[in-house]
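Here is how the chains run, residue by residue.
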Amino acid sequence: MTIEKTSISASAVAPFGLPADPDSLHGVAYTSPHTLVSQTVYSTAAKVFAYKSAGALESSVQLWEAFGRANPQEIVPSLTALEVRSGAANAILGYLSQRASHTALPVLTPGSALNFIQPTLAGLTADKLPLSFQVAALDYDEATSSLVADYVSPLKFARELGYSVVTPLSAAEAQHMTLLSLALSKLQPSLHLYDGPAFLRENGRIENVLSPTELAAAYTQLAAQTPLWESLPVAKRPAAALSALNAIFDTAYQPFEYAGHAEPTTVFVVYGTVESELLLQTVATLAADAKIGAVAIRVPLPFDTAAFAATIPASAKSVVVLGQTVGVATTSALKADVAAALFWESGIAAPSVSEFTYPASFIWSPLILRKVLSSFVVLPEAAAKPVVYSQDATTAASPHGSFVFWSPDNGQFVEVASKLAHALSLDGASRVNYRAKYDNVNGAGSVHAQIASVPVAENSVPGSVDAADVVFVEGTQILSAYDVISTAREGATVLLGVSTGVVDLTEFVEKLPISFKRDLAANKNKLVVVDTAAVEFPETEGYTASIVVQVAFWRTVLPKLGDHVVQKLWQSQGSGIELLPSILTTLASKCDELAVKPVEVVPEWAQLVEELKEGETSDPLPFLALETAFSGNPRTSEAAGEPEHSVYVSAAKRLAFKEAYGTTTSLRPDLSVRNFVVKVQENRRVTPSDYDRNIFHIEFDITGTGLTYDIGEALGIHGRNDSALVQQFLDLYGLEGADLVVVPNRDDAKLVETRTVFQAFSENLDLFGKPPKRFYESLAPFATEEAERKQLELLGSAEGAADLKKRQEENVADSYADVFAEFPSARPALSDLVQIIAPLKRREYSIASSQKMHPNAVHLLIVVVDWVDSRGRTRFGHCSKYLAELAVGTELVVSVKPSVMKLPPLSTQPIIMSGLGTGLAPFKAFVEEKIWQKQQGMEIGAVYLYLGARHKKEEYLYGELWEAYKAAGIVTHIGAAFSRDQPEKIYIQDRIRENIEELTDAVMEQNGSFYLCGPTWPVPDITACLEDVVKNDAQKTGKKVDAAHEVEEMKEAGRYILEVY
Ligand SMILES: Cc1cc2nc3c(=O)[nH]c(=O)nc-3n(C[C@H](O)[C@H](O)[C@H](O)COP(=O)(O)OP(=O)(O)OC[C@H]3O[C@@H](n4cnc5c(N)ncnc54)[C@H](O)[C@@H]3O)c2cc1C
């Protein structure tokens, strides 16, 4: 396997994730072309401006800047994000006016923002502006409510301002064309204009990716040549720049690219990344039997008329322009350029020029292009390509073909396609491409994902897949929104996933839509019902259904795979890789036996006719997915209980008149950090049930949430109060859980939030926390009983401080709820209550997984906090208890907290990790990161692990993993101290001191980093060990040192890192 997996986050949209490091992109990479554009500008610039837009063009640059990744000039480029509004470009001009250098300044922008930039740039002299606009042709099309690649508007902008434009003809050109536009911008502003939706959203294998160093070197070489281009006429400069690029990379780029017959009679001309690649590929193939040719335009502006005319072979009688138009235009600007160039160069002998115009919302696919071409020329019959599923029976077998997945956007199997794409991409002999589109309109929200896998020697076919070898559909609802059979090749298998259970298969098939059955029969498709509810399997609870669908897929494409399917599941599972093979084997055989149900497609179905009710028409359904958004429909909160009139009316008004009230629906609006909804996928106690400490390992499925995390970071959990206790309190207080309460936002009092009373007390208020003095003070005025009021006043006053302290120490009435029970006359109204009880705070937990190894999961290791209060009640910590009890499948809100716990910059620097109890959590993540580094071929330094617990039998947390990683050569040494397993007490510091020589070498000679995590109490002992290491080194080298001071210095330098709580 030669493929580098550089992802730090993977999702239903991006199975290969965003790269954590621009350096990791080189050679062969699985990524998106826009990421390469970002990497190129990051490698060559000190500053990047970016306009905000759908698809977050700036996300990679922002990530690398946040990670402090320096580029080859040893600079961490700084990013300035700009709002799309007129005047924002002044910030760019201001920056340019203040800097001395004349190097290119990249601006990442959607095409739709250029309208707002134009007025600012209009009157300026172009040769004083080294601006390189990296333009994602991206706009919102009102007519179809979709995100489209509008080229017309950016070209108009460039034409009016006299700027040059270059456009890549495939993803593989992304870096080169970015470099070209950067170099050209040294003379005057230039645009690198590419297909926004495709470059942002398509992920796949790209070869010959240049590393940041190579990019910087190439840029320097190109930039050195700009004085030569300056002396040329403006129209000739891009061609000269392309020649210089060709000399560096041994490429053959021209402003116009020709493919097809040597003596064509008809030549098609196209502009735009996806359409160019598709047309060049298609025509190159068809030209074996048809006298046709194709020209794709790499440099649309300035349009070099002579070079264009020279690209059209003399045999051409007719030229057909495929031209994009917007609005009411009936002819494209491209046609005008083409016609003028041909007439100018050849006069009346020029070939005739005709045109096919299409709007920006037009969806290109191979069949559609063929249809377009065949309306101008007679094409050879397309030989029907039979569906042949691979007969290979080994784990290495990776099927080639195209696969389409349709799901409702809140469906259970939304992420299956991305997992399969990931698994397929692990085969170094395959070129896998992946694209997911959200259509939030049709079918009440659907996701359409496509995977195309071809041998590496072949090119993937761009555009939408319209002849898939396997089509998966989740549920029958989509069948009435999309004509899914139209995307299936003749003879392909259609997998129909059903999660609601199929009691009687015959009856189920009977009820399938007539048109679906008719099309299946007409297209000679096979139908397999995948009844995911038929398999119950506790070991994989929460994701059994997803695995069932994956088994059905592998059984279809690799029918002879047998038990090797387990490896495939492992590969695609990612986050679940710890599952034992025996478990997966059992699950797979259950799927085969119970879930995968082939259905006979009866040829007579082809004759079925729908009975239309009066007034109904049988309009054809769409078959290629529109991309109406870059994410699914927003979640809406569930309506609660019976309405309480007045407040419900106000909530209803806010929802009905959103604009007037400025209403937005958001996840925990009270919290200012970025939140994600994740799902529990595993929750397992790791200490014996009769042991006094309940330590548990919990995993969350983060698929499709966009949540990303780095090594050493912590997960912030917004826990909920115990529902039964909340209800008990509401009953005591006389509150109705379903009533609504409107609370001001804590950050911005102008905003109000509406929620149910039960929600407020479960999720927002620290009802069972320890009340501070201030609370007693605030509560006192509400007490109607004199004695209670006085007592509360005292506790809230300076004089009562000693009393309060005593109460708190003795755990008398230790929570807000207890205080209300103790003072029954103090009953503030709901609106006051929500103000005087402190808000619930999030708790943090060190993340125990590396996202490189678990792209779709977060692991935590947690101990349930408990204590016994003065009344003998066992009390539990709010969040640890809440988490311990979460069932698999439960959703909860989390956020990510950055941390100082970083690995040293070089993979070869040793790491020494020490911790007690749950302090081991981040070390599991560290070790997984080391495994990943090793898998990438990096040399890794020594890894020492010191851990302490009372008994090995009960508390050797992650013991099997450490032993396995040691056996695998990742962990160098495990120093485990089980204090009570032998007569004499052995502590973690004893184990560390046993290796003082090795550690002196690792820390002092090899610049290693030392970590301590978990409870605070071992800090002095461990710090003393590190001081011993420093002293030992001083002794050897004959230096005099202040060891305590040295260790402090190490702390400062981030080489002695403590995360204690
Ligand atoms: C960066 C970081 C990483 C961490 N990583 C981990 C980890 O990996 N694993 C892990 O298990 N923990 C970790 N923690 C600790 C974790 O964040 C929580 O502090 C811990 O789980 C306790 O939270 P809780 O809500 O369960 O308890 P809380 O409700 O916060 O109670 C904590 C303590 O407060 C006292 N207390 C609370 N309420 C009352 C009351 N009403 N009356 C009297 N006393 C009361 C009790 O003594 C109790 O022990 C980490 C903390 C930090 C800061």
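Residues numbered from 1 in each chain as written. Predicted model: local features only at pLDDT ≥ 70, side-chain atom pairs only at ≥ 80, totals over all residues. Heavy atoms only, no water.

1. What to know about helix α20 (residues 581–595)
Moving on, step 1. With 15 residues, α20 ought to run about 21 Å at 1.5 Å a step, and its terminal C-alpha atoms sit 20 Å apart, in line with that.
Moving on, step 2. What α20 keeps buried is the set I583, L584, L587, A588, C591 and A595. Projected down its long axis, α20 carries its buried residues within an arc of 130 degrees, all on one side. (Helix = DSSP H or I, 4+ residues; strand = E, 2+ residues; numbered from the N terminus. Expected span 1.5 Å × (residues − 1). Buried < 20%, exposed > 50% of the residue type's maximum accessible area, 1.4 Å probe, protein only. Arc of directions from axis to C-beta.)

2. Description of the pairing of strand β32 (residues 891–897)
Along a regular strand, successive side chains alternate from one face of the sheet to the other.
Moving on, step 1. Counting buried positions along β32 yields five of seven residues, so the element is predominantly enclosed.
Moving on, step 2. In this sheet, β32 lies alongside strand β23 (residues 676–685) in antiparallel orientation, the contact comprising four bridges. Looking across to β32, one finds that K679 is bridged to E891.
Moving on, step 3. When strand β25 (residues 714–717) meets β32, the two strands line up antiparallel, connected through four bridges. Looking at β32, one finds that A714 is bridged to K897. (Pairing = 2+ DSSP bridges.)

3. Describing the sheet that holds β23
Moving on, step 1. The antiparallel open sheet is built from six strands, whose spatial order is β28-β25-β32-β23-β24-β29. The sheet is open, and its two edges are formed by β28 (843–846) and β29 (857–863), each paired on a single side. The mean inter-strand angle of the sheet, taken between neighbouring strand axes irrespective of direction, is 40 degrees.
Moving on, step 2. In this structure, β25 lies alongside β28, joined through four bridges in antiparallel fashion. Counterpart to L715 in the pairing with β28 is Y845. (Axes fitted to C-alpha atoms, helices over the stretch in contact; angles between N-to-C directions.)

4. Describing the site of the ligand
Moving on, step 1. By nearness alone, 22 residues border the ligand, and D814, R843, E844, C879 and S880 come closest of all.
Moving on, step 2. At a separation of 3.0 Å, an oxygen atom of the ligand approaches a polar backbone atom of V863.
Moving on, step 3. Contact with the protein chains removes 76% of the 970 Å² of surface that the ligand exposes when unbound.
Moving on, step 4. Listed by contribution, the elements that provide at least two residues to the shell around the ligand are β28, β29 and α30 (878–884).
Moving on, step 5. The biggest single contributor to the shell around the ligand is β28, with four residues.
Moving on, step 6. Residues that form the shell around the ligand fall into these classes: 10 nonpolar, seven polar and five charged. (Near = heavy atom within 4 Å. Polar contact = N/O pair within 3.5 Å; in protein donor to acceptor, adjacent residues only side chain to side chain. Areas by Shrake-Rupley, 256 points an atom, 1.4 Å probe, with all protein chains shown as cover. Nonpolar A, V, L, I, M, F, W, Y, C, P; charged D, E, K, R; others polar.)

5. Concerning the environment of S190
Moving on, step 1. Structurally, S190 can be placed in strand β9 (residues 190–195).
Moving on, step 2. By relative accessible area, which is 1% here, S190 ends up buried.
Moving on, step 3. As for S190 and R99, which are separated by 91 residues in sequence, their C-alpha atoms are 20 Å apart.
Moving on, step 4. Once you skip the residues sitting within four places of it in the chain, S190 turns out to touch L131, S132, F133, S164, S181, L184 and S185.
Moving on, step 5. Only 3.0 Å separates the side chain of S190 from the backbone oxygen of S181, close enough to count as a polar contact. (Contact = heavy atoms within 4.5 Å.)

6. A word on unusual backbone geometry
Moving on, step 1. Omega for the bond connecting L301 with P302 falls within 30 degrees of zero, at -5 degrees, which places this linkage in the cis form.
Moving on, step 2. Mapped onto the elements, P302 comes out in the loop between β13 (292–297) and α12 (305–311).
Moving on, step 3. The phi dihedral of E74 falls on the positive side, at around 65 degrees, and the residue is not glycine.
Moving on, step 4. Its location among the elements puts E74 in the loop between α2 (59–66) and β3 (78–82).
Moving on, step 5. When its relative accessible area of 68% is taken as the criterion, E74 is described as exposed.
Moving on, step 6. With a phi angle near 60 degrees, N1007 is a residue other than glycine that sits in the positive phi range.
Moving on, step 7. By secondary structure assignment, the location of N1007 is in the loop between α35 (996–1005) and β36 (1009–1014).

7. Overview of a negative patch on the surface
Moving on, step 1. A grouping of D1042, E1046, E1049 and E1052 is seen on the molecular surface, where their side chains present a negatively charged patch.
Moving on, step 2. Following the sequence through the fold, E1052 ends up in helix α37 (residues 1043–1052). (Patch = residues over 30% accessible without salt bridge, like charges linked within 9 Å, V, L, I, M, F, W, Y side chains within 5 Å. Salt bridge = Lys/Arg side-chain N within 4 Å of Asp/Glu carboxyl O. Lys, Arg positive; Asp, Glu negative; His and termini not counted. Charge placed at Lys NZ, Arg CZ, Asp CG, Glu CD.)

8. Observations regarding the confidence of the model for the protein chain
Moving on, step 1. Per-residue pLDDT for the protein chain has a mean of 88; in total, 92% of the residues score no lower than 70.
Moving on, step 2. Confidence drops under pLDDT 50 across residues 1–9; counting only partners more than four residues distant or on other chains, this segment forms 45 contacts.
Moving on, step 3. Counted against residues more than four places away or in other chains, residues 668–672, with its pLDDT under 50, gives 13 contacts. (pLDDT = per-residue confidence, 0-100.)

9. Remarks on the packing of aromatic side chains
Moving on, step 1. Taken as a whole, this structure holds 35 aromatic pairs when the rule is applied.
Moving on, step 2. Measuring from ring centre to ring centre gives 6.1 Å for F405 and F472, while their planes differ by 45 degrees; the resulting arrangement is tilted. A residue pair is termed long-range when its members are at least 10 positions apart, and F405 in strand β16 (residues 401–408) and F472 in strand β19 (residues 468–474) qualify at 67 residues.
Moving on, step 3. On the basis of an interplanar angle of 80 degrees and a centroid distance of 5.9 Å, the ring pair of F413 and F472 is categorised as edge-to-face. Of this pair, F413 sits in the loop between β16 and α15 (416–425) while F472 sits in strand β19; the two residues are 59 residues apart in sequence, bridging distant segments of the chain. Each member of the pair F413 and F472 is classed as buried.
Moving on, step 4. Three or more aromatic residues joined by ring pairs make a cluster, and in this case those are F729, Y733, F761, F775, Y776, Y816 and F820.
Moving on, step 5. Over the ring of F49 we find K47, and its NZ or CZ is 5.2 Å from the ring centre. (Phe/Tyr/Trp six-rings, centres within 6.5 Å; stacked < 30°, edge-to-face > 60°. Lys NZ or Arg CZ within 6 Å of the ring centre and 35° of its normal.)

10. Thoughts on the side chain of D1033
Moving on, step 1. Here D1033 shows up in helix α36 (residues 1019–1037).
Moving on, step 2. At 4.1 Å, K1039 is the nearest oppositely charged side chain to D1033, a buried residue that forms no salt bridge.
Moving on, step 3. Contacts of D1033, omitting those with residues within four sequence positions, involve T1000, M1004, E1005 and K1039.

11. So, α36
Moving on, step 1. With 19 residues, α36 should cover 27 Å at 1.5 Å per step; its first-to-last C-alpha distance of 27 Å lies within 8% of that length.
Moving on, step 2. All buried positions along α36 are accounted for by V1019, I1022, T1023, C1025, L1026, E1027, V1029, V1030, N1032, D1033 and A1034.
Moving on, step 3. Looking at the packing, one finds that the buried side of α36 touches β33 (911–916), α34 (988–994), α35, β36, α37 and β37 (1056–1060).
Moving on, step 4. After α36 finishes, the residue G1038 shows a positive phi value of roughly 70 degrees.

12. Quick look at the packing of helix α1 (residues 33–44) against helix α8 (residues 212–224)
Moving on, step 1. Between α1 and α8, the shortest axis-to-axis distance is 9 Å and the interhelical angle comes to 65 degrees. When the interaxial angle is binned, α1 and α8 end up roughly perpendicular. As α1 runs across α8, the sense of the crossing is right-handed. Counting all contacts with α1, which are made through Q39, T40, S43 and T44, the residues of α8 involved are P212, L215, A216 and Y219. (Parallel < 35°, antiparallel > 145°, perpendicular 65-115°, else oblique. Left-handed = near helix turned anticlockwise from the far one by under 90°.)

13. Section: the domain arrangement of the protein chain
Often, the extent of an interface is quoted as the loss of accessible area on bringing the components together.
Moving on, step 1. What the domain assignment reports for the protein chain is domain 1 (21–249), domain 2 (258–375), domain 3 (401–607), domain 4 (663–719 + 842–899), domain 5 (720–837) and domain 6 (911–1060).
Moving on, step 2. One C-alpha centre belongs to domain 3, the other to domain 6; they are set 47 Å apart. (Domains from an automatic or database assignment.)

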